[in-house]
Structure formats: C-alpha cells, structure tokens
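# Chains, contacts and geometry: an overview
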2 protein chains.
Amino acid sequence: MDENVIGVYESSAANELTSEFVDTIHLALDQNETAEAKNLAQSLHYADLADLLENLAHAQRQELVEALRSDFDPNVLAELDDTVRERVIDQLGLSQVAEVVAGLDTDDALEVVEELEPQEQREILESLPVGERALIEEGLSYPEDSAGRLMQRDVVAVPLHWSVGQAIDYMRDTENLPTDFFDIFLVDPRHNPVGTVPLSRVMRTRREIDLTQVMRKHIKIVPGTMDQEEVAFLFRQRDLISAPVVDESNRLVGVITVDDIVDVIHEEHEEDIMRLAGVGEADDLYSAVIDTMKSRFSWLLIHLVAAIIAAYVISFFAGTIEEMVALAVLMPIVAAMGGTASAQTLTVAVRALAMKELTMANAYRTIGKEVAVGVLNGVIFAVLIGAVTWGWYGSPALGGVIGLSIIINLIVAGFVGSSLPILLQRLGYDPAVASSAFLTSITDVVGFYVFLGLAASLLL
Amino acid sequence: MDENVIGVYESSAANELTSEFVDTIHLALDQNETAEAKNLAQSLHYADLADLLENLAHAQRQELVEALRSDFDPNVLAELDDTVRERVIDQLGLSQVAEVVAGLDTDDALEVVEELEPQEQREILESLPVGERALIEEGLSYPEDSAGRLMQRDVVAVPLHWSVGQAIDYMRDTENLPTDFFDIFLVDPRHNPVGTVPLSRVMRTRREIDLTQVMRKHIKIVPGTMDQEEVAFLFRQRDLISAPVVDESNRLVGVITVDDIVDVIHEEHEEDIMRLAGVGEADDLYSAVIDTMKSRFSWLLIHLVAAIIAAYVISFFAGTIEEMVALAVLMPIVAAMGGTASAQTLTVAVRALAMKELTMANAYRTIGKEVAVGVLNGVIFAVLIGAVTWGWYGSPALGGVIGLSIIINLIVAGFVGSSLPILLQRLGYDPAVASSAFLTSITDVVGFYVFLGLAASLLL
C-alpha cells in the first residue's frame, strides 16, 4: 500500500469499508465488471481488503482474487482469517504464494507458512532466498503458539557502551532495520539483552549521554519457548510496547511487538469463549458446514452422555413420577436453576484463573464465597419457587420439597462450579474445556436426585 | 518506581511476584512484621504490587496499605481492579488520594477519578492544580467508555511545514512532553491532524527532510466521542500503536496509545464472556458476597421464568406422562441437546457480530449454514438417541419419536441461535445479553412440545 506516498494532505484518502462500499463491490462482481471491482478493492487499506475477502461468498471471492492475482498485496494474505487464507492460497498456487511470502516481514511470513501442509511448507521454503528461509525455518523450530513464532527477527540492538549519538548514527546509516520499531535493545558482548531505551527517550537525550544512563533496566525478557498467552499477560501487566526474545543461552534473537500481542489476546479470548460453549477452534463463519458440524459433534456427544446419566437417575423414580406427575412438570425448573447458577460460577472462576487473579492463595476464600452466594440466592429462589409451586398445585409440602432442592442445588453449583476448574487447572487440564459438561451433569444429577428423592420419601 | 535508575546492569533487579514471594508476604503480615512486608512490597514493580494487593484478604490488605500509606505509589492505584481500588481509596482518605492522583498521567488520573462518587470527585478535583483539574474535567465531559476518557492529553504535535530537524530540536527542548510516545502528529494551522510520523521514521530520516515527505497520511482519526470498543477495533485492524483524538471541530485534543487499548480489549472481552453467562459487570473475585449475589440474581430470575414457561408446556401433557412415565425420564435428553446446540450457535454468532465478521451481507448465508449443521447433527444424534431409547425401553416407536424431536430441536437451535442475535443487534440490543435466556426458553419449549406432542399423538 502507498501509505508512504508524499504530498497530498488529506488524512483519509483511502476508501473505507462501509456497507455501501461492500454493496458496490457485490454489484460489480455480480455484473462481471471485474476491472471495476478490482479498482475498488485496491483502493482499500490491506486490512480492509482482507475483511472484504472474508465477507464475500466463495464464488465472488474467487473472482476477486483472480482479478487481484497479478499484484496481490502480501499484507492481505497475512491479515486473512486461517480458513479463508487456506482457500486463497489454494487458488493462488504455491509459486505465487512463495512470491507473496517473500514480500512479508519474517513474523508475518511465519504466520502464513506455519498453517500450510508440510509438503507445501517445503516447497515454499525452497523457493525463498536463503537468508529469509533460514529465519523462517528457525521460527518453525519453536513450538506452536510460542514467543518464537511471534517474534520479528530484525532487531535494533546496540552495544552497551554506546552513546545516544552513536545509536542515532547507527540507525540513520543501517539499511536492514525493521520498518517500525519502538525500543532500542542494549546487549552485552555475549549478545544478552541488559536494557532497553524507548525511542522517545533517545530522541530527547543529548547525543553525548551514554545509553546506559537512560536505559530501563528492569526489563522483561521473553524466552523463545514461552507460551504466547504468558507473553500476552506480561505485555498487558507491564504496558509493554515491545519486548526482547532470547534463545536458550539468553542471546537476543528477536523482538515481539504489541500489535502481535493484540492479536494473541484476541485469539486467546476467542478460544476461552468458544471452549466454554464447546465450540472447536476451527469453527468460524468461514468454515464449511461439514467442518462446523464435526467441531460441534463431540461436545454434543459429551452432553448427551451427561443427559443420559441424568435420565438414568430419573428412571429410579419412575414410580414416584407416575404417582405424582407434577414432579415431571417441575423437574426442568430444578435443572434450570442449577445449570444457570453453575454456569455463572464457572465463568467467573475460569476467567479469574485465566487472568491469574484466582490462585492457590485465595482459592479457599473464593470457594467459600461462591458457596455463600449459593446459600443466599438458594434461599431467595427457594421461597419464590416454593410459593409458585404451592400456588400452582395447592400443596405446601410440594413447595417445601422443591424449595429445599433448589437450596441444595445452588450450594452444590457454587461449590463445584468454583472448585472444579481450580482442581482441573491443578491437574494440568484446561478448566474452560473440561468443566462445563461435567458441571451440568453434576447439577442435573444432584438436582433430580434430591428433588425426586425428597418427594419420594416425604410426599408419598 | 525506579525504572530509570542509572548504572546497575542486571536486567531484572526488581523482585518477581512468585507464589513463594506471596507466601513470604503472607507470613510477614501474619506475624505482624509490617516493616518487612512493606520492604518486600516496595521491591515489586507497581503492576505486581497491584496484583499482590488484589490477592490479599481484606484485613491483610488493609495492614499493608497502612504500611505503604506514607509513600503510596500512584501507579499502583491506577493498576488496581475497580472493587479493590474503591476500598483502598476509602482507606487512604480523600486528601491522600488527591495527592496520589496529582502524581498520575491525565489518562490514569481520569480512570481513578471517574469511578468515584460525585461528591468525592468534586473534593479531589478541587484539591488538584488548576491545569490538571481542567484537563480531567474535560475528560469527564466525554461519555463513559468513550475515546475521550481514554486519551492522554499531552501530545507531541508539530506544524505541518516543519522539517525532521525542527521536530527533533523541539522534542529535545520541550519539557512538558509525555513520558513515552511513539508518533509525532502533524497539524495544520487550525490544529487539525493531517498525518503522523512514527518516531522510528523520524530517527532514520535526515534532518533537512520535510516531515510531510515521510508522514503517513492515511491515518485513522478518532473522535473523542467514539466508543472505546470501536477504537479497539481500529487499533487491532490497523495494527496501530497510537492514534490522534479530535474534538467536534476536528482539533487535536489528545492521543490514545495501544497499552490502554490492550486493557480495553480485555475489558470488552470480559464483558462479552460474562454477559453470555449472565454475570454482572461488577462480579469479580473481589466483590462482596452480597454484590455477587445481586449481580447473579436477575439472570437466575430470567431463567426461572423461562423454566416456568417450559414447565407450563409440560403440564399440558401431564396425562400423557402419567400413562408413559418414560417420557419424563427422557425429557432432559431432548432439552440438553437443544440447549447445547443453541449455546454453540449463539456463541459463534455473538463473537462474529462483535468482531464485525457477521454483517447483513452474509447474514442469510450464516443462518443457512447453521440450519444445515443442525440438520446434519440432528440426523446423527437422532439415530444415536433413537437407538439408545429403543434398547432401553424396547420400543422402536418411542425411539422414533425422540429421534424426530431431536432433529427438529437441533434445526430450531441452529436457526434461532444464529438469527436471534442478528435480529437483536439490528434492533439495537446487545446480542450477548439478550439472546441466551430467550434461546434456552425457545429450545426447551419447542423440544418438550414436539417430544411430548408427538408421543401423545403417535404412541398413545
């Protein structure tokens, strides 16, 4: 994109991706005015063009990609959603993708390459210049979702003993620096990072001052193997803009910048929210029906098993229900209260674990609080539901039984909803994935068992 | 904090907030070794100290805050969670809080002040220096959660006709610039922003070059009234580090930096995830039992109403259930499948709406896809559950009835789960809040009605 174009003074000459704009493109594509659609698409910022491609139906996207093929902006490929990117790559073909990848920064190139099949990866890598190829292969050697996969390899690193003036001259004279950077890293003779100087500080310091006099020394150093979620936590907690990445011998090998972290935070949150609802990672708007179906299947199956267990518990009390069919009518109320309360507790606990607010230090306190909330809401809803039931069926005893079941079920929901995710995390499982199905099953079973059991022993 | 201390070369002299460290502090506080606890606490980075305070029980926190009172780091207050911050402010007292606020950047000061009661706000503001007070009052005049509340007021803005050298000299010689900044904004004579120059570009350009030659001109300009969620979307989509904020007459009044946006993204995601589970915003680990109870009450009440409607539907079929108690046993399976499938669809749709991936342009396509997924999974689970039921009760007809109900319920879940949030968003409601309770109610009612109705007409 021509962000660097000189001269004109308007601040937003590029077109915006408004819904009218999208309609115009749709129309142009529908009427096969491909050249017109191409011109419109190329007037967009690359991030907007990526959004546009994601938004188009399959056939229209193919048409537009074909039109853009000859000068496909590398940055668009990097910005695309995984599913859509895969299709665009298939359409462009490997030789052109290789060209596109060569035009990207190493971190963006790595992001495109890491999603490819091994065979495709090899072909692309082989067609790249040796230097860039080596950098990307090194990146691929770090585990998925690690700092090593996120980092940009071009770093501004200068010796510890330099002055501000020397650093400025170096930056002016060196060709191979990243497009944008925010901090200068100071390294010792072993290339270990020992401090950072924000550019704004370099800018405001006299040339003869030593860099060590203005550096930040309590810096956070990121090992290449650190999980991206950890890295994101560091950035957020310390308000970082960039951080140095080191290899096993603590040598500076790259830099992570906050714009990548913003994407990571999004991804991780999306994962959290999706996992709580039992939706697979690959499940987005752009994936095919069959993939979406598969991604949801196992969760439905788990909930089916949980529901069958609950049904089995109910079947013990078939005789009781036969004698008092009101119980069957009221069962969903008991289940809904337990399910809703446990989902609330679980969500708060899972979020707090992810944010590192919930730790072993305050685990008991948290569980105790959730139980107390269960008692309070339990009593209120017991009175409410008991009264409704009494009014409906004219039986204070039935009202008492359902009220008591609600209290017990909300206490169980508070206790299990908070302690289960903590336990799972301690055992090394992801609390978001594992907890929800378990939990529904527990509150259903407890709720039905207590409600029907109390009814059987007290009412008949 | 002494991040700027000169000399020592270790990269992390400050203590880390490890769990051993937390234990040591706990121990010191338990044994009333307050001076020791204070020293340990002060060796932490302010963000870690804020985390520590959040993690401590109420009494211990009070003890530590008391010890730190005489030199309370302003940045700690800005970093604290709202609930904990309120308590710390109550403890410190207004006159000391005023001192602390005076030590903060305008954006952080605003963040602290905006959460106070109006009376407290007035008192604090009156005790601030006139200039800072005016800036904060101006910030408060912007709506909550708007760009105007996020922005830092100290901006590096230079006239459009300056050269790189003039800008550098200006930055060297001006006292009142922000601590850290990343872009220089070019303004025209009416103080309207027309371009930005990243510092790394200033640094690498010769002094005699005009700034207009190296500026980015397709910049995103943020009106002070823009919602912070919109601002976050801009930052993420364009990989921005900072963006100019303007007033109604398009005059540059402040700058938003990405570190604030990282916090906004977190907040917004937290809101999304909490709303889907029906947990109030004030509901975190640190809020009191009674506040947590209240924040969950209304959601439980909504679900109670939904459950009572479902129960009412079941009551139509009391006679049917009396004749065939297996129906009561199997009901939870029908409800669980519908509930799980609709939660999955809803989560995907709500996320896609929030990310602006789901728009009117692809709404029908998305709904169609969700219905197709419902048909596919419906058929598979119908066969599975039908077979289980047949095996359990020896009745192929009952198996057929439950199978048919599952198919219908999963199709309804797919259709309503995707179209309801789109509809609610169109009508101006938050799809995350409004959809979930509605949806459970719909799938429960449809599920029970279809299952029991089919059973009544086909099996009896």
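Along each chain, the written sequence defines residue order, and numbers are assigned to residues from 1. A letter from A marks each chain and a number from 1 marks each ligand, given out in the order of writing. Per-residue local features of the predicted model are confined to residues with pLDDT of at least 70, and side-chain atom pairs are confined, for both listing and counting, to 80 or more; whole-chain, interface and lining totals are unaffected and use all residues. Think of the side-chain values as coming from all heavy atoms in the structure, minus any hydrogens and water.

## A short note on the environment of Ser43 of chain A
All names here are of chain A. Numbered from the N terminus, helices here are DSSP runs of H or I no shorter than four residues, and strands are runs of E no shorter than two. Here Ser43 shows up in the loop between α2 (34-42) and α3 (46-55). Buried means the residue's accessible area, taken with a 1.4 Å probe over protein chains only, is under 20% of the maximum for its type, while exposed means over 50%, and partly exposed covers the values in between. We classify Ser43 as partly exposed; its relative accessible area is 23%. Distance from Ser43 to Asp272, taken between C-alpha atoms, is 36 Å for residues 229 residues apart in sequence. Pairs of N or O atoms are called polar contacts if they sit within 3.5 Å, as long as, within protein, a hydrogen donor faces a hydrogen acceptor (for residues adjacent in sequence, only side-chain-to-side-chain pairs). Engagement of the side chain of Ser43 in a polar contact is seen with the backbone oxygen of Leu40, the distance being 2.6 Å.

## A few points about the pairing of strand β2 (residues 183-187) of chain B
Residue and element names in this part refer to chain B. Within β2, five of the five residues are buried, which leaves it mostly tucked inside the rest of the structure. Going residue by residue along β2, you find Asp183, Phe185 and Val187 tucked away on one face and Ile184 and Leu186 tucked away on the opposite face as well. Seen with its strands pointing away from the viewer, a crossover is right-handed when the path leading from the first strand over the helix to the second is clockwise. With helix α12 (residues 164-173) bridging strand β1 (residues 157-159) and the parallel β2, this β-α-β connection has right-handed handedness. When DSSP finds two or more bridges between two strands, those strands count as paired. Adjacent in sequence and paired antiparallel, β2 and strand β3 (residues 193-198) are bridged by five residues, among which His191 carries a positive phi angle near 65°.

## Brief notes about helix α21 (residues 396-426) of chain A
One full turn of an α-helix is made of 3.6 residues, so residues set three or four places apart face in the same direction. Here the expected length of a helix is defined as 1.5 Å per residue gap, with one fewer gap than residues. Spanning 31 residues, α21 of chain A covers 45 Å between terminal C-alpha atoms, matching the ideal 45 Å at 1.5 Å per step. In the segment just after α21 of chain A, Gly428 of chain A is the residue with positive phi, at about 90°.

## Quick notes on the domain arrangement of chain A
The domain architecture assigned to chain A consists of domain 1 (19-145), domain 2 (157-258) and domain 3 (289-458). An automatic or database domain assignment is the source of the domain bounds shown. Distance between the C-alpha centres of domain 2 of chain A and domain 3 of chain A: 51 Å.

## Details of the sheet that holds β2 of chain B
Residues and elements named next belong to chain B. Pairing is mixed across the open sheet formed by three strands, whose spatial order is β1-β2-β3. If you trace the sheet from one side to the other, it starts and ends with β1 and β3, each paired once. Strand-to-strand twist of the sheet, defined as the mean angle between neighbouring strand axes without regard to direction, takes the value 35°. Judged from the three bridges that link them, β1 and β2 form a sheet pairing that is parallel. For Val158, the partnering residue across the bridge sits in β2 and is Leu186. Each axis is a line fitted through C-alpha atoms, taken for helices only over the stretch in contact, and angles between the N-to-C directions span 0 to 180 degrees.

## Observations regarding the relation of the copies chain B and chain A
Our superposition of the copies is a least-squares fit, built on the C-alpha atoms of residues whose pLDDT is at least 70 in both. Least-squares fitting of chain B to chain A yields an RMSD of 0.1 Å, with the superposition described by an axial translation of 0.0 Å and a rotation of 180°. The transformation just described matches what one would write down for a two-fold rotation axis. The contact definition used throughout considers only heavy atoms, calling two residues in contact when any of these lie within 4.5 Å. In this assembly, 99% of the residues forming the interface of chain B have copies in chain A that are likewise at the interface, indicating an isologous arrangement.

## A closer look at the packing of α2 of chain A against helix α4 (residues 58-68) of chain A
All names here are of chain A. Where α2 contacts α4, the two axes come as close as 9 Å, and the packing angle between them is 80°. Classified by the angle their axes make, α2 and α4 are roughly perpendicular. In this structure, α2 contributes Thr34, Ala37, Lys38, Ala41 and Gln42 to the contact, and α4 contributes Glu63, Leu64, Ala67 and Leu68. Gly is placed with the polar residues, together with every amino acid not listed as nonpolar (Ala, Val, Leu, Ile, Met, Phe, Trp, Tyr, Cys and Pro) or charged (Asp, Glu, Lys and Arg). For the contact of α2 with α4, the residue count by class is five nonpolar, two polar and two charged. Here roughly perpendicular refers to angles of 65 to 115 degrees, roughly parallel to angles under 35, roughly antiparallel to angles over 145, and oblique to all remaining angles.

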